[in-house]
Each structure stands twice: as structure tokens, then as C-alpha cells.
Amino acid sequence: MARSDEAAAFFLAVYSAVREIPPGKVTTYGHIAKLVGTPQRPRQVGVCLKHLSQDPDSRHNHNNVPWQRVINSKGLISPRSQPSGARNQAAALEAEGVEVSTGSLGELSVDFSQYGWFPRSLPSEADEDDEEVDDEEDEEDGSEQ
DNA sequence: CGACTGACGGCCT
DNA sequence: AAGGCCGCCAGTC
């Protein structure tokens, strides 16, 4: 399998995983990386989202991939080169009912204990796994980090 | 075609 | 507790 194919598969896996994030919840780049089996490449996850097309006709675009539900491990919306983008992400999250706090430096943060979504594996996959692991830390857990 | 960059994260000072 | 360094690798210049 050529690297380019692996890269393509990676993109698809990331988009698939991001789609599993429930509305009103958020997760991290690192977690998505783990879910797709490449925990050492959270950075590439960001590249995938950045690469999302705005064209609705494209297989993966801003409309069918809830990119806004992915933030960094610090619980902050990653400040990229264009500040408006991060703010736009915050707006998209608030539209889903996610509370976003703004720091004095303009930092946009989300409380994982309330909105965090960190399953061990993708719900779609868990479906086929007969060795069902207990899943019930949707909320309330509070032992996030 | 080579070098730099970056929607991150974890480990090491 | 805070900050710096390295790994990773597709895109972009």
C-alpha cells in the first residue's frame, strides 16, 4: 500500500471519527488520532480538518463533518493563523449549546467535564465487537484531564 | 525537487 | 508550575 493511499485512508478515518462526535459535545485532536489508530499524529488530524472543503459537493466538507467539535487537549480552540476561524468555531459550538468561555487574551475554552466526549473506540466499531466494554462515562465522570 | 510550516501532544528540563 | 524540544508527515512556498 503506497503512502499516498495510507494518507487517504487516514483522512477518511479521521472524517469518519469526527462524524461520530455527538452534537453538543467536543473531543480533542489527540483523541481522534487514537481512535483512528495513529496516536502519534494528532497534528495530521488538524491538517485533515484544515483541508476540509467548503464545497457541499465534496465528499467531506464543512457541512457533513462537525469539525468544530474538535479542540486541543488543553480544552482550548486552537488559535490558528486566522483568528476569525477560531472565533467562528466557537460560534458554531455555541450554536449547538456548547458553552465557550473567552479568556482575557481572547482564548476560547470549553469545559471537558461538561462537554467532553472521549470513548475508547468508535461507536460504529463497538457495534461489531461482541466483547462489549462498559460505556457510561458520557458525563458526570469529571475525571477528565 | 528541497526546505519550511503547522487546527497537536507528550515528555523532558 | 511553566516552558522548551522533539516526533510526525501532508501541504505549501
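As shown above, the structure is provided for reference.
Residues numbered from 1 in each chain as written. Chains lettered and ligands numbered in written order. Predicted model: local features only at pLDDT ≥ 70, side-chain atom pairs only at ≥ 80, totals over all residues. Heavy atoms only, no water.

Asks: How should I be thinking about the overall build of chain A in this particular structure?
Replies: Looking only at helices and strands, chain A features six helices and four strands. Starting at the N terminus and ending at the C terminus, chain A contains elements arranged as α-β-α-α-β-α-β-β-α-α. With 145 residues in all, chain A has 35% of them scored as buried. A separation of at least 24 residues holds for 59% of the contacts in chain A among residues at least 6 apart in sequence. (Helix = DSSP H or I, 4+ residues; strand = E, 2+ residues; numbered from the N terminus. Buried < 20%, exposed > 50% of the residue type's maximum accessible area, 1.4 Å probe, protein only. Contact = heavy atoms within 4.5 Å.)

Asks: Even after reading the chapter, I still don't get the environment of Val-70, so can you show me in this structure?
Replies: Of note, Val-70 is situated in strand E2 (residues 70-71). Given a relative accessible area of 0%, Val-70 falls into the buried group. Considered as a pair, Val-70 and Leu-49 are 21 residues apart in the sequence and their alpha carbons are 8.9 Å apart. Ignoring sequence-local partners within four residues, the contact set of Val-70 consists of Val-18, Ile-21, Thr-27, Thr-28, Tyr-29, Leu-49 and Gln-89.

Asks: Looking at this structure, I do not really get helix H4 (residues 83-95). What am I missing?
Replies: Compared with the 18 Å implied by 1.5 Å per residue over 13 residues, the 19 Å span of H4 between its first and last C-alpha is a close match. All buried positions along H4 are accounted for by Gly-85, Ala-86, Gln-89, Ala-90 and Leu-93. One side of H4 holds all its buried residues, which, seen down the axis, span an arc of 145 degrees. Away from its buried face by more than 90 degrees, H4 exposes Pro-83, Arg-87 and Ala-95. Buried residues along H4 sit in contact with E2, strand E3 (100-102) and strand E4 (108-110). (Expected span 1.5 Å × (residues − 1). Arc of directions from axis to C-beta.)

Asks: How do you make sense of the protein's contact with DNA strand B when you look at a structure like this?
Replies: For DNA strand B, the set of nearby residues contains 14 residues, the closest of which are Gly-46, Leu-49, Lys-50, Asn-72 and Ser-73. For DNA strand B, the fraction of protein-proximal atoms (within 4 Å) that sit in sugar or phosphate groups is 53%. Sorting the residues of the surface near DNA strand B by element identifies helix H2 (29-35) and helix H3 (42-50) as the ones contributing at least two each. Here the surface near DNA strand B gets six residues from one element, more than from any other, and that element is H3. Broken down by class, the residue content of the surface near DNA strand B amounts to four nonpolar, seven polar and three charged. (Near = heavy atom within 4 Å. Nonpolar A, V, L, I, M, F, W, Y, C, P; charged D, E, K, R; others polar.)

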